[in-house]
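# Commentary on secondary and tertiary structure
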Amino acid sequence: MDRSLFIDGFWRAASDGSTREIRSPHDGSLVVVVSEATATDSSAAIDAARRSFDSGEFASWSWRRRSDLVARIADLLERDAVEIARKESGDTGKRLVEAEYDLADVISVFRYYAKLGVAVDDRIVQTGDDRIRSRITHEPVGVCALIGPWNYPLLQASWKVAPALMAGCSFILKPSELTPSTAIHLMHIIQEAGAPTGVANLILGAGTIAGAPLTQDSRVDLVSFTGGLMTGRRIMAAAAETVKKVALELGGKNPNIIFADADIDAAIDNAVTAVFLHSGQVCSAGTRLLVERSIHDRVVSEIVRRAKAIRMGGPDDLLAETGPLISRAHLEKVERYVDSAIAEGATLLTGGKRSGEKSHSAGWYFEPTVLDGCNTRMSCVQDESFGPVLTIEVFDTEEEAISLGNDTIYGLAGAVWSADTEKTERVARALRHGTIWINDFGPYRAQAEWGGFKSSGIRRELGPSGLDEYLEIKHIWTNTSPAHSGWFSDEEQGEDS
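Since this is a predicted model, take the numbers as computed values, not measurements.

## A short note on the overall build of the protein chain
Regarding its fold elements, the protein chain presents 15 helices and 20 strands. Taking 497 residues into account, the globule formula puts the C-alpha radius of gyration at 23 Å, and the protein chain, at 25 Å, falls close to it. Along the three orthogonal principal directions, the C-alpha set of the protein chain runs to about 95 × 60 × 50 Å. Here the protein chain, with 497 residues, has 56% of them falling under the buried criterion. Considering only residue pairs separated by 6 or more positions, the protein chain has 73% of its internal contacts joining residues 24 or more positions apart. For the protein chain, the exposed surface amounts to about 21500 Å²; the carbon and sulfur share of it is 49%. Across the protein chain, the centroid of the 52 positively charged side chains sits 3 Å from that of the 71 negatively charged ones.

## Section: the pairing of strand E4 (residues 30-35)
With five bridges joining them, strand E3 (residues 19-23) and E4 adopt antiparallel strand pairing. For glutamate 21, the partnering residue across the bridge sits in E4 and is valine 33. Between E3 and E4, which pair antiparallel in sequence order, lie six residues; one of them, glycine 28, sits at a positive phi of approximately 75°.

## Thoughts on the pattern of salt bridges
A complete count under the given rule lists 32 salt bridges for this structure. Residue arginine 50 pairs with aspartate 221 through a salt bridge whose shortest N-O separation is 2.9 Å. On the criterion of sequence distance, the pair formed by arginine 50 in helix H1 (residues 39-55) and aspartate 221 in the loop between helix H7 (207-216) and strand E10 (222-226) is long-range, its members being 171 residues apart. In this structure arginine 50 comes out as buried when scored by relative accessible area, which is 17%. The residue lysine 87 makes a salt bridge to glutamate 83 at a minimum N-O spacing of 3.3 Å. With a gap of four residues between them, lysine 87 and glutamate 83 both fall in helix H3 (residues 81-92), about one helical turn apart.

## Details of the side chain of glutamate 98
The residue glutamate 98 is located in helix H4 (residues 96-117) in this model. When residues no more than four places from it in sequence are discounted, the contact partners of glutamate 98 are Leu277, His278, Glu321 and Thr322.

## Thoughts on the sheet that holds strand E5 (residues 123-125)
Judged by pairing direction, the sheet is antiparallel, and its three strands sit side by side in the order E5-E6-E20 without closing on themselves. Two strands in the sheet have a free side with no partner beyond their single neighbour: E5 and strand E20 (471-479). The sheet shows a mean angle of 25° between the axes of neighbouring strands, direction not considered. Here E5 runs beside strand E6 (residues 132-140); their pairing, made up of three bridges, is antiparallel. Across the sheet, residue valine 125 finds its bridge partner in E6, namely serine 134.

## What to know about unusual backbone geometry
Despite not being glycine, aspartate 8 shows a phi value in the positive range, around 55°. Tracing the sequence through the fold places aspartate 8 in the loop between strand E1 (5-7) and strand E2 (10-12). The phi dihedral of phenylalanine 386 falls on the positive side, at around 55°, and the residue is not glycine. Considering the arrangement of structural elements, one finds phenylalanine 386 in the loop between helix H12 (379-382) and strand E16 (389-395).

## Side note on the side chain of threonine 182
Mapped onto the fold, threonine 182 is located in helix H6 (residues 181-193). If near-sequence neighbours (up to four positions away) are discounted, threonine 182 is found in contact with Ile84, Lys87, Glu88, Pro153 and Leu154.

## A closer look at the sheet that holds strand E13 (residues 288-292)
Strand order across the open sheet formed by seven strands is E14-E15-E16-E13-E12-E17-E18, with mixed pairing between neighbours. Since the sheet does not close on itself, it has two edges, and those belong to strand E14 (347-350) and strand E18 (435-438), each with one partner. Strand-to-strand, the axes of this sheet are offset by a mean angle of 20°, without reference to chain direction. The pairing of E14 with strand E15 (residues 369-372) spans three bridges and is antiparallel. Within E15, the position partnered with threonine 350 by the bridge is valine 370. Contacts between helix H10 (residues 296-308) and the sheet are confined to strand E12 (255-258), E13, E14, E15 and E16, with E14 contributing the most and set at about 55° to the helix.

## Things to note about the nonpolar core
In this structure, Ile73, Leu77, Phe110, Phe171, Leu173 and Ile190 are the most contacted members of the largest nonpolar core, which totals 119 residues. A total of 10 residues in this core trace back to one element, the largest contributor, which is helix H5 (residues 153-167). If we skip the residues at most four places from it in the chain, phenylalanine 110 touches Val70, Ile73, Ala74, Leu77, Ser158, Val161, Ala162 and Leu186. Ala341, Trp364, Leu371 and Val381 belong to the second-largest nonpolar core, a separate cluster that totals 15 residues.

## Section: the packing of aromatic side chains
According to the stated counting rule, one finds nine aromatic pairs in the structure shown. When the ring of tyrosine 112 is compared with that of tyrosine 113, the centres are 4.9 Å apart and the planes differ by 70°; the resulting orientation is edge-to-face. For tyrosine 112, a relative accessible area of 14% corresponds to the buried category. A ring pair is formed by tryptophan 437 and tryptophan 450, whose centres lie 6.2 Å apart and whose planes are at 40°; its orientation type is tilted.

## Looking at the environment of tryptophan 450
Structurally, the position occupied by tryptophan 450 is in the loop between E18 and strand E19 (457-458). The exposure class assigned to tryptophan 450 is buried, which follows from its relative accessible area of 5%. Separated by 12 residues in the primary sequence, tryptophan 450 and leucine 462 place their C-alpha atoms 5.9 Å from one another. Sequence-distant contacts of tryptophan 450, defined by excluding residues within four places in its chain, comprise Trp159, Glu249, Cys283, Ser284, Leu412, Ala413, Thr435, Trp437, Arg460, Glu461 and Leu462. Here the side chain of tryptophan 450 touches glutamate 249 through a polar contact of 3.4 Å, side chain to side chain.

Procedures and definitions
- Residues numbered from 1 in each chain as written.
- Predicted model: local features only at pLDDT ≥ 70, side-chain atom pairs only at ≥ 80, totals over all residues.
- Heavy atoms only, no water.
- Helix = DSSP H or I, 4+ residues; strand = E, 2+ residues; numbered from the N terminus.
- Rg over C-alpha atoms; globule rule 2.2 N^0.38 Å.
- Buried < 20%, exposed > 50% of the residue type's maximum accessible area, 1.4 Å probe, protein only.
- Contact = heavy atoms within 4.5 Å.
- Areas by Shrake-Rupley, 256 points an atom, 1.4 Å probe, with all protein chains shown as cover.
- Lys, Arg positive; Asp, Glu negative; His and termini not counted.
- Charge placed at Lys NZ, Arg CZ, Asp CG, Glu CD.
- Pairing = 2+ DSSP bridges.
- Salt bridge = Lys/Arg side-chain N within 4 Å of Asp/Glu carboxyl O.
- Axes fitted to C-alpha atoms, helices over the stretch in contact; angles between N-to-C directions.
- Core = buried A, V, L, I, M, F, W, Y, C linked by side-chain atoms within 4.5 Å.
- Phe/Tyr/Trp six-rings, centres within 6.5 Å; stacked < 30°, edge-to-face > 60°.
- Polar contact = N/O pair within 3.5 Å; in protein donor to acceptor, adjacent residues only side chain to side chain.

This is how it looks when you write it as structure tokens:
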């Protein structure tokens, strides 16, 4: 019987013995069999995290000691990098080289928070009274439910786990049921690094069964979720019942704006990467291309040429440039999305169907797709496909570009391309998105906050704010010369005559 749930310091099977097969998106081959948690298992994990936190052991560790733990985890991740990258590419179907890049980012996140934590200090409040000592302290928020997506399983987990540990929280990690392997490995590493029993717990399984208790239980103090908008709304509603903290990153519909005075060749190259990397399964993918009308034909024809030349393949295909979609269900969703776009009036310039390559027949491959003639009234411009699908819109003025870029319920990321620095600054400030790249697309750093406006979510991950999510602020006021307040009289009152 498989034992891949980690609860209260022990590896366990699901309480009812259920398991799930994880199959490769590349060819459907069996990757691993894991335990499939029940609601009872999730409750047991919450119990363990609650006992651990309420004992005060981990929370009482010094910042330096917790920093040493987080840094040790980074070292162990680096030691196991080859094995972890292979597990990540096995679950997701992404190229091994992409998984290796992702793992380097994971390690950088743990190292960043290990250094940041030791810089946290009390803030002294000046009261103007020498008798008073007033200070602001930081304490762990408590028990955290950390729920991750399938597209960047370990990377997204690191954005939550590293600051949670640095803050002194206890947690339950629930990765996507489609991509559990690297979360399992991470738990082994956290255990080896020396985290106290019950601090780190792992639940595997579907969100409706294993995940729902994490968002509803009053013993959980914070829920951090990365995933789809509909699920995020349900989590927010469930968390409201117990007034727990919520941090949500819910995807985006990200405009990539190219002005006629840009470095066109660089803009085109980055536009191709922005939408087709990882077959578009990226929350910040540049799936909306907004092109100034005068350069439309030049830009679009070159993007179509580049899209047709993209080589798709599995994790071990050294010549592949991108891989499959995560599942059959997701492939069918992207197919419907493109069909709907064409029905709305979009012009299909390339792609729009499953790959016809014989070597792709057992997997979930969808051709890089370009849709022209789009506008913001179309669902393909407003809805997230999470696939290798680019929609193209045109604009004539700076004001129109800004208006189009903001015409979405999402607000995660965007980019602006122009040689005019004053114009790029104006547009960057006017766009209602959490990250704006100027003459670039996609890079991020652990030191810089990440998150979105509007329906792309609430709160921030990474940067100092990413640690703040897992801390409570407490004000401690000390009067060194206590005295009577003098507000109310302490004399006895006589009786009325």
